[in-house]
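# Fold and contact review
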Amino acid sequence: DGPHPEGTPCVLRALDAAGVRATFFMVGTEVERHPGIVADVVAAGHEVAVHGWEHRSQLMTTAPSAVRDLRRAADVIARTSGHRPRWFRPPYGSMSAASLVAARAAGLRTVLWSSWGRDWGSDATAATIHGSVVTGLLDGGTVLLHDGESPSSPGNWSATAAAIEELVGTCRERELEVGCLADHGL
(Lines give C-alpha, C1' and ligand atoms only; values in the text may rest on other atoms or scores of the structure.)
Protein backbone atom coordinates (compact mmCIF):
# COMPACT_ATOMS: atom_id res chain seq x y z
CA ASP A 1 0.00 0.00 0.00
CA GLY A 2 3.07 2.24 -0.06
CA PRO A 3 5.51 3.62 -0.50
CA HIS A 4 5.21 4.99 3.01
CA PRO A 5 7.81 7.39 4.46
CA GLU A 6 8.28 5.40 7.67
CA GLY A 7 6.93 1.95 6.88
CA THR A 8 8.78 1.26 3.66
CA PRO A 9 12.27 2.09 5.01
CA CYS A 10 11.56 -0.01 8.11
CA VAL A 11 10.48 -3.01 6.02
CA LEU A 12 13.47 -2.49 3.69
CA ARG A 13 15.84 -2.69 6.68
CA ALA A 14 14.17 -5.91 7.88
CA LEU A 15 14.37 -7.49 4.41
CA ASP A 16 18.03 -6.46 4.10
CA ALA A 17 18.84 -7.93 7.53
CA ALA A 18 17.17 -11.20 6.47
CA GLY A 19 19.04 -11.17 3.14
CA VAL A 20 15.96 -11.36 0.93
CA ARG A 21 14.26 -9.31 -1.75
CA ALA A 22 10.54 -8.77 -2.28
CA THR A 23 8.00 -7.36 -4.69
CA PHE A 24 6.48 -4.06 -3.55
CA PHE A 25 2.99 -3.35 -4.88
CA MET A 26 2.75 0.43 -4.95
CA VAL A 27 -0.12 2.90 -5.09
CA GLY A 28 0.36 5.57 -7.77
CA THR A 29 -0.65 8.50 -5.57
CA GLU A 30 1.86 7.39 -2.93
CA VAL A 31 4.59 7.01 -5.57
CA GLU A 32 3.99 10.64 -6.58
CA ARG A 33 4.19 11.73 -2.93
CA HIS A 34 7.32 9.71 -2.07
CA PRO A 35 9.46 9.21 -5.21
CA GLY A 36 12.71 8.98 -3.24
CA ILE A 37 11.44 5.94 -1.37
CA VAL A 38 10.67 4.22 -4.67
CA ALA A 39 14.29 4.84 -5.67
CA ASP A 40 15.41 3.29 -2.36
CA VAL A 41 13.30 0.18 -3.00
CA VAL A 42 14.83 -0.30 -6.45
CA ALA A 43 18.37 0.50 -5.28
CA ALA A 44 18.03 -2.24 -2.66
CA GLY A 45 17.26 -4.74 -5.43
CA HIS A 46 13.55 -5.15 -4.89
CA GLU A 47 10.87 -5.37 -7.57
CA VAL A 48 8.16 -2.71 -7.99
CA ALA A 49 4.61 -3.48 -9.09
CA VAL A 50 1.17 -1.85 -9.36
CA HIS A 51 -1.47 -1.72 -6.64
CA GLY A 52 -3.65 0.84 -8.45
CA TRP A 53 -3.65 4.59 -8.73
CA GLU A 54 -5.50 4.87 -5.43
CA HIS A 55 -6.12 2.18 -2.85
CA ARG A 56 -9.76 1.45 -3.63
CA SER A 57 -11.74 -1.57 -4.70
CA GLN A 58 -12.25 -1.92 -8.42
CA LEU A 59 -15.40 -4.03 -8.12
CA MET A 60 -17.69 -1.19 -9.20
CA THR A 61 -15.29 0.42 -11.68
CA THR A 62 -15.95 0.42 -15.41
CA ALA A 63 -13.37 -1.11 -17.72
CA PRO A 64 -12.35 2.25 -19.28
CA SER A 65 -11.89 3.79 -15.83
CA ALA A 66 -9.92 0.78 -14.60
CA VAL A 67 -7.68 0.90 -17.68
CA ARG A 68 -6.92 4.60 -17.08
CA ASP A 69 -6.25 3.89 -13.40
CA LEU A 70 -3.79 1.05 -14.00
CA ARG A 71 -2.01 2.72 -16.92
CA ARG A 72 -1.58 5.88 -14.88
CA ALA A 73 -0.19 3.92 -11.93
CA ALA A 74 2.09 1.79 -14.13
CA ASP A 75 3.39 4.91 -15.90
CA VAL A 76 4.24 6.79 -12.70
CA ILE A 77 5.93 3.71 -11.23
CA ALA A 78 7.94 3.21 -14.44
CA ARG A 79 8.99 6.88 -14.60
CA THR A 80 9.90 7.00 -10.93
CA SER A 81 11.65 3.64 -10.64
CA GLY A 82 13.17 3.32 -14.10
CA HIS A 83 11.55 -0.13 -14.37
CA ARG A 84 8.33 -1.00 -16.14
CA PRO A 85 6.19 -2.96 -13.65
CA ARG A 86 5.00 -6.45 -14.65
CA TRP A 87 2.50 -7.20 -11.90
CA PHE A 88 -0.82 -5.92 -10.58
CA ARG A 89 -2.35 -6.82 -7.25
CA PRO A 90 -5.84 -5.41 -6.93
CA PRO A 91 -6.60 -3.53 -3.72
CA TYR A 92 -8.37 -5.79 -1.22
CA GLY A 93 -7.90 -8.67 -3.68
CA SER A 94 -11.14 -7.51 -5.30
CA MET A 95 -11.14 -8.46 -8.96
CA SER A 96 -13.76 -7.87 -11.57
CA ALA A 97 -13.87 -8.41 -15.30
CA ALA A 98 -13.02 -4.71 -15.66
CA SER A 99 -9.89 -5.00 -13.51
CA LEU A 100 -8.70 -8.07 -15.41
CA VAL A 101 -9.26 -6.29 -18.75
CA ALA A 102 -7.47 -3.22 -17.39
CA ALA A 103 -4.47 -5.21 -16.20
CA ARG A 104 -4.12 -6.83 -19.59
CA ALA A 105 -4.50 -3.47 -21.39
CA ALA A 106 -1.79 -2.00 -19.15
CA GLY A 107 0.53 -4.94 -19.88
CA LEU A 108 0.31 -6.25 -16.32
CA ARG A 109 -0.15 -9.76 -14.96
CA THR A 110 -2.60 -10.03 -12.08
CA VAL A 111 -1.37 -11.78 -8.95
CA LEU A 112 -3.02 -12.53 -5.63
CA TRP A 113 -1.60 -14.33 -2.60
CA SER A 114 -1.66 -17.78 -1.09
CA SER A 115 -0.83 -16.67 2.45
CA TRP A 116 -1.19 -13.39 4.28
CA GLY A 117 -0.06 -11.88 7.53
CA ARG A 118 -3.29 -10.03 8.36
CA ASP A 119 -0.89 -7.26 9.35
CA TRP A 120 -3.19 -4.32 8.74
CA GLY A 121 -5.03 -4.50 12.05
CA SER A 122 -4.25 -2.66 15.26
CA ASP A 123 -3.92 -5.99 17.08
CA ALA A 124 -1.27 -7.40 14.69
CA THR A 125 2.01 -8.42 16.29
CA ALA A 126 5.07 -10.16 14.88
CA ALA A 127 3.77 -13.40 16.42
CA THR A 128 0.25 -13.12 14.97
CA ILE A 129 1.64 -12.21 11.56
CA HIS A 130 4.01 -15.18 11.62
CA GLY A 131 1.23 -17.51 12.73
CA SER A 132 -1.12 -16.32 10.01
CA VAL A 133 1.49 -16.60 7.25
CA VAL A 134 2.78 -20.06 8.15
CA THR A 135 -0.75 -21.47 8.22
CA GLY A 136 -0.98 -21.00 4.45
CA LEU A 137 2.71 -21.24 3.57
CA LEU A 138 3.37 -23.50 0.60
CA ASP A 139 5.93 -24.12 -2.10
CA GLY A 140 5.43 -21.68 -4.96
CA GLY A 141 3.15 -19.51 -2.85
CA THR A 142 2.96 -15.76 -2.53
CA VAL A 143 2.91 -14.07 0.89
CA LEU A 144 1.06 -10.79 1.37
CA LEU A 145 2.49 -8.28 3.85
CA HIS A 146 2.23 -4.49 4.02
CA ASP A 147 4.77 -1.68 4.21
CA GLY A 148 2.10 1.02 4.02
CA GLU A 149 -0.17 2.22 6.75
CA SER A 150 -3.74 1.19 7.38
CA PRO A 151 -5.93 4.24 7.98
CA SER A 152 -7.43 2.47 10.98
CA SER A 153 -4.09 1.27 12.41
CA PRO A 154 -1.28 3.84 12.19
CA GLY A 155 2.16 2.27 12.47
CA ASN A 156 0.96 -1.27 11.75
CA TRP A 157 3.98 -1.74 9.45
CA SER A 158 6.24 -1.99 12.51
CA ALA A 159 4.76 -5.40 13.39
CA THR A 160 5.29 -6.50 9.79
CA ALA A 161 8.95 -5.52 9.87
CA ALA A 162 9.37 -7.29 13.22
CA ALA A 163 7.93 -10.52 11.76
CA ILE A 164 10.20 -10.73 8.72
CA GLU A 165 13.27 -12.35 10.30
CA GLU A 166 11.28 -15.23 11.81
CA LEU A 167 9.18 -15.65 8.65
CA VAL A 168 12.28 -15.93 6.50
CA GLY A 169 13.77 -18.37 9.02
CA THR A 170 10.66 -20.55 8.83
CA CYS A 171 10.80 -20.50 5.03
CA ARG A 172 14.44 -21.55 5.09
CA GLU A 173 13.70 -24.35 7.57
CA ARG A 174 11.06 -25.61 5.13
CA GLU A 175 13.53 -25.24 2.25
CA LEU A 176 11.40 -22.57 0.57
CA GLU A 177 13.10 -19.80 -1.40
CA VAL A 178 12.12 -16.22 -0.61
CA GLY A 179 12.30 -13.54 -3.27
CA CYS A 180 10.63 -11.29 -5.79
CA LEU A 181 7.97 -12.70 -8.09
CA ALA A 182 10.37 -12.29 -11.01
CA ASP A 183 12.97 -14.39 -9.16
CA HIS A 184 10.59 -17.33 -9.21
CA GLY A 185 10.35 -17.51 -12.99
CA LEU A 186 6.85 -16.10 -13.21
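Remember, it's a predicted structure, so these values are computed and weren't measured experimentally.

On to the overall build of the protein chain. Regarding its fold elements, the protein chain presents seven helices and six strands. Starting at the N terminus, the α and β elements of the protein chain follow one another as α-β-α-α-β-α-β-α-β-β-α-β-α. A compact globule built from 186 residues should have a C-alpha radius of gyration of about 16 Å, and the protein chain, at 15 Å, falls within 12% of that. Structurally, the protein chain occupies a C-alpha span of about 45 × 35 × 30 Å along its principal axes. Put simply, of all contacts in the protein chain between residues at least 6 apart along the chain, 69% involve residues at least 24 apart. With an accessible surface of roughly 9000 Å², the protein chain has 52% of that area assigned to carbon and sulfur atoms. Separation of charge centres in the protein chain, based on 16 positive and 21 negative side chains, amounts to 10 Å.

This part takes up the environment of Val133. With respect to the helices, strands and loops of the structure, Val133 is situated in helix H6 (residues 126-135). Given the relative accessible area of 2%, Val133 is considered buried. In this structure the C-alpha to C-alpha distance between Val133 and Leu167, which are 34 residues apart in sequence, comes to 7.9 Å. Among residues more than four places away in sequence, those in contact with Val133 are Ser115, Trp116, Gly117, Val143, Leu145 and Leu167.

So, about the pairing of strand E1 (residues 23-26). Burial along E1 is two-sided: the face carrying Thr23 and Phe25 and the face carrying Phe24 and Met26 are both buried. Relative to strand E2 (residues 47-50), E1 runs parallel, the two sharing four bridges. In the strand pairing of E2, Phe25 is matched with Ala49.

Turning to the nonpolar core, a few remarks are in order. Among the nonpolar cores identified, the biggest contains 34 residues, and Phe24, Met26, Val50, Leu70 and Leu108 are the most heavily contacted of them. At seven residues, the largest contribution of residues to this core is made by helix H4 (residues 63-81). When residues no more than four places from it in sequence are discounted, the contact partners of Phe24 are Thr8, Val11, Leu12, Leu15, Val41, His46, Glu47, Val48, Ala49 and Asp147. Among the nonpolar cores identified, the runner-up in size contains ten residues, and Val133, Leu137, Ala163 and Leu167 belong to it.

This part takes up the pattern of salt bridges. Opposite charge on two side chains permits pairing when their charged atoms draw close. If you walk through the whole model with that rule in mind, you get six salt bridges. When the shortest N-O distance is used, the salt bridge between Glu54 and Arg56 registers 3.5 Å. The partly exposed category is assigned to Glu54, whose relative accessible area is 38%. The partly exposed category is assigned to Arg56, whose relative accessible area is 36%. Note that Arg84 and Asp75 form a salt bridge whose closest N and O atoms lie 2.9 Å from each other. The network of salt bridges with common partners includes Glu54, Arg56 and Asp69.

What counts, and where the lines are drawn
- Residues numbered from 1 in each chain as written.
- Predicted model: local features only at pLDDT ≥ 70, side-chain atom pairs only at ≥ 80, totals over all residues.
- Heavy atoms only, no water.
- Helix = DSSP H or I, 4+ residues; strand = E, 2+ residues; numbered from the N terminus.
- Rg over C-alpha atoms; globule rule 2.2 N^0.38 Å.
- Contact = heavy atoms within 4.5 Å.
- Areas by Shrake-Rupley, 256 points an atom, 1.4 Å probe, with all protein chains shown as cover.
- Lys, Arg positive; Asp, Glu negative; His and termini not counted.
- Charge placed at Lys NZ, Arg CZ, Asp CG, Glu CD.
- Buried < 20%, exposed > 50% of the residue type's maximum accessible area, 1.4 Å probe, protein only.
- Pairing = 2+ DSSP bridges.
- Core = buried A, V, L, I, M, F, W, Y, C linked by side-chain atoms within 4.5 Å.
- Salt bridge = Lys/Arg side-chain N within 4 Å of Asp/Glu carboxyl O.

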